[in-house]
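The residues making up each chain are set out below.
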Amino acid sequence: MAFLNDNYLKLQAGYLFPEIARRVREFCEANPEAARHLIRCGIGDVTEPLPPAVIAAMHHAVDELSVRETFRGYGHEQGLESLREKIAQEDYRDRGVDLAPDEIFISEGSKSDCGYILDVLGEQNKIAITDPVYPVYVDTNVMVGHAGDVNESGRYKGITYLPCRAENGFVPEPPAEPVDIIYLCFPNNPTGAVASRAQLTRWVEFARANEAIILFDAAYEAYISDPDVPHSIFEIPGARECAVEFRSFSKNGGFTGVRCGFTVMPKSLHARTADRRKLPLHPLWHRRWSTKANSVSYPVQRGAEAVYTEEGREQVRSLIDHYMGNARILREAVERARLEVYGGVNAPYIWVKTPSGLTSWQMFDRMLQELNVVITPGSGFGSCGEGFFRISAFNSRENAEEVARRLQTLAAL
Ligand SMILES: *Cc1c(COP(=O)(O)O)cnc(C)c1O
């Protein structure tokens, strides 16, 4: 008899996006006229095409594979050396962070890495996760058995939730009780918040004092405009001894469909064996990759490398300027509608308090029915997201401007 992984049965039905789709579908069926004007600001996916430098590099790589002289088979298991060298230099050393190319592991995206990392971490670990949060961190822990049963508000037993509220600027302080693994994501999805150097320093100090590990998701690093905000956890002294960083080409280069990201696993990061010996994690992570994978498609890695060329950089910059231009338009429109608004300055997400005590889903319905705009209910990201909604700036300029116009009619209601 074969047994399944019972942990999967603890997962709450992927409720958020299917429920959004259901409500939108019903609305559109009942209101075919309004459906024609529907604008989606719900999904956290890019909308603009890939930078031309990336396309050219990928074409070139495919051509290389077509002739014997330049053909390539299996590559380095950690990813293309030239790509890792550029990442180490331009994303890290140029920012004063000491990092070697063999501390970088290229992957098919940071969503995958967030799950894979659990392969090399012990089951005894006490996990801390922010609330609201990118659902992947919670669900991957549930899948491997790090969580108990779920309560009415959707929280799992055994996980420490770190509330992110307006009062703490959506950046939690370290908890009073010790935890072993901490997930942090800044700039944040869904709140758009960023963590200051001082706040990240307190987390690094907490992690070092507790021998904990911070799993830092920096997928939106390229959206930071404030010069004082750290782009990497490794800008904080001591982080090399207590952190892993996830990065992605999805939101800077527009690789959500192409798939490429990377993990930074410092060689100086250690964890304990069950019998309390202290060992580095890097060899385990390397073993994990060389055993379970063969890195990432060659043309994709060449495409990622093109992000570091001069044209690539300029083209990525203009993509981000485009999305952040949308974010400004949307944020200002929400302010004019006299709603309480957060984010949208160093991140492509605008996090808005629902007016007059509406729940997130009530606000969702109202935005859908009255403005024909699809947003994401904050409660879908965790119980502390209740009473908020997220507007994504990933859209065309035309759509962002139209949503801004429609938001003005909300003020009158
Ligand atoms: C979009 C996103 C990512 C990137 O995921 P990929 O798998 O690289 O596409 C990672 N973390 C967060 C919080 C995100 O929103």
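Residues numbered from 1 in each chain as written. Predicted model: local features only at pLDDT ≥ 70, side-chain atom pairs only at ≥ 80, totals over all residues. Heavy atoms only, no water.

Quick word on the overall build of the protein chain
Each helix and strand in the protein chain was counted, giving twelve helices and 15 strands. Taking 22 Å as the expected radius of gyration for a compact globule of 413 residues, we find that the protein chain reaches 22 Å, a close match to that expectation. Residue burial in the protein chain is summarised as follows: out of 413 residues, 55% are buried. Taking the average place of the 45 positive charges on the side chains of the protein chain and the average place of its 55 negative ones, the gap between the two points comes to 2 Å. (Helix = DSSP H or I, 4+ residues; strand = E, 2+ residues; numbered from the N terminus. Rg over C-alpha atoms; globule rule 2.2 N^0.38 Å. Buried < 20%, exposed > 50% of the residue type's maximum accessible area, 1.4 Å probe, protein only. Lys, Arg positive; Asp, Glu negative; His and termini not counted. Charge placed at Lys NZ, Arg CZ, Asp CG, Glu CD.)

Details of the domain arrangement of the protein chain
When the domains of the protein chain are assigned, the result is domain 1 (13-42 + 312-412) and domain 2 (55-308). Just the C-alpha atoms count here: the centres of domain 1 and domain 2 sit 27 Å apart. Counting from both sides, the interface comprises 24 residues of domain 1 and, opposite them, 31 residues of domain 2. Across the contact surface, domain 1 and domain 2 share one salt bridge. In this structure, arginine 313 and glutamate 90 form a salt bridge, with 2.5 Å as the shortest nitrogen-oxygen distance. For the side of domain 1 that touches domain 2, the elements supplying multiple residues, two or more each, are helix H10 (310-336), strand E11 (341-343), strand E12 (349-353) and strand E15 (388-392). The leading source of residues in the side of domain 1 that touches domain 2 is H10, at eight residues. Looking at the side of domain 1 that touches domain 2 residue by residue, the classes come out as 15 nonpolar, six polar and three charged. (Domains from an automatic or database assignment. Contact = heavy atoms within 4.5 Å. Salt bridge = Lys/Arg side-chain N within 4 Å of Asp/Glu carboxyl O. Nonpolar A, V, L, I, M, F, W, Y, C, P; charged D, E, K, R; others polar.)

Remarks on the sheet that holds strand E14 (residues 376-377)
Here four strands make up an open sheet; going across it, the order is E11-E12-E15-E14 and the pairing antiparallel. Of all strands in the sheet, those bounded by a partner on one side alone are E11 and E14. The pairing of E11 with E12 spans three bridges and is classified as antiparallel. Each bridged residue has a counterpart across the sheet, and for tyrosine 342 the counterpart in E12 is tryptophan 351. (Pairing = 2+ DSSP bridges.)

Considerations on the site of the ligand
If you check the shell around the ligand, you find 14 residues, and the closest are Asp217, Tyr220, Ser248, Ser250 and Lys251. At 2.8 Å, a backbone N or O of serine 110 approaches an oxygen atom of the ligand. Between asparagine 189 and the ligand, the recorded distance is 2.8 Å, taken from a side-chain N or O atom to an oxygen atom. Relative to its unbound accessible surface of 390 Å², the ligand loses 94% to contact with the protein. Tallied by class, the residues present in the shell around the ligand amount to five nonpolar, five polar and four charged. (Near = heavy atom within 4 Å. Polar contact = N/O pair within 3.5 Å; in protein donor to acceptor, adjacent residues only side chain to side chain. Areas by Shrake-Rupley, 256 points an atom, 1.4 Å probe, with all protein chains shown as cover.)

What to know about the environment of glycine 382
Within the element layout of this structure, glycine 382 appears in the loop between E14 and E15. With 168 residues separating them along the chain, glycine 382 and isoleucine 214 place their C-alpha atoms 20 Å apart. In contact with glycine 382, other than residues within four places in its own chain, are Asp131 and Pro132.

Things to note about the sheet that holds strand E2 (residues 104-107)
Read from one edge to the other, the open sheet built from seven strands follows the order E2-E8-E7-E6-E5-E3-E4, with strand pairing classed as mixed. On the outer flanks of this sheet lie E2 and strand E4 (159-163), each paired with one strand and no other. For this sheet the average axis-to-axis angle between neighbouring strands, irrespective of direction, equals 20°. With four bridges connecting them, strand E6 (residues 213-217) and strand E7 (residues 243-248) associate as parallel partners. The residue of E7 that forms the bridge with aspartate 217 is phenylalanine 246. Against the sheet, helix H7 (residues 197-210) touches E4, strand E5 (181-185) and E6, its axis set at about 145° to E6. Against the sheet, helix H8 (residues 282-292) makes contact with E2 and strand E8 (261-264), and its axis sits at roughly 25° relative to E2, the strand it touches most. (Axes fitted to C-alpha atoms, helices over the stretch in contact; angles between N-to-C directions.)

Regarding the nonpolar core
One broad trend across soluble globular proteins is that nonpolar side chains are buried collectively. Among the nonpolar cores identified, the biggest contains 102 residues, and Ile182 and Phe249 are the most heavily contacted of them. Two domains each put at least three residues into this core: domain 1 (13-42 + 312-412) and domain 2 (55-308). Excluding anything up to four places from it in sequence, phenylalanine 249 contacts Leu83, Ile87, Gly254, Phe255, Cys260, Gly261, Phe262, Ala304, Val307 and Tyr308. (Core = buried A, V, L, I, M, F, W, Y, C linked by side-chain atoms within 4.5 Å.)

With respect to the pattern of salt bridges
The tally for this structure, following the rule as stated, stands at 28 salt bridges. Salt-bridge contacts for glutamate 26 lead to arginine 22; the nearest nitrogen and oxygen are separated by 2.8 Å. Highlighted residues: glutamate 26 and arginine 22, both in helix H1 (residues 16-30), separated by four residues, approximately one helical turn. Accessibility expressed as a relative area gives 44% for glutamate 26, which makes it partly exposed. We note a salt bridge from arginine 317 to aspartate 321, for which the minimum N-O separation is 3.3 Å. Of this pair, arginine 317 and aspartate 321 both sit in helix H10, four residues apart, roughly one helical turn. Relative accessible area serves as the criterion here: at 40%, arginine 317 is assigned to the partly exposed category.

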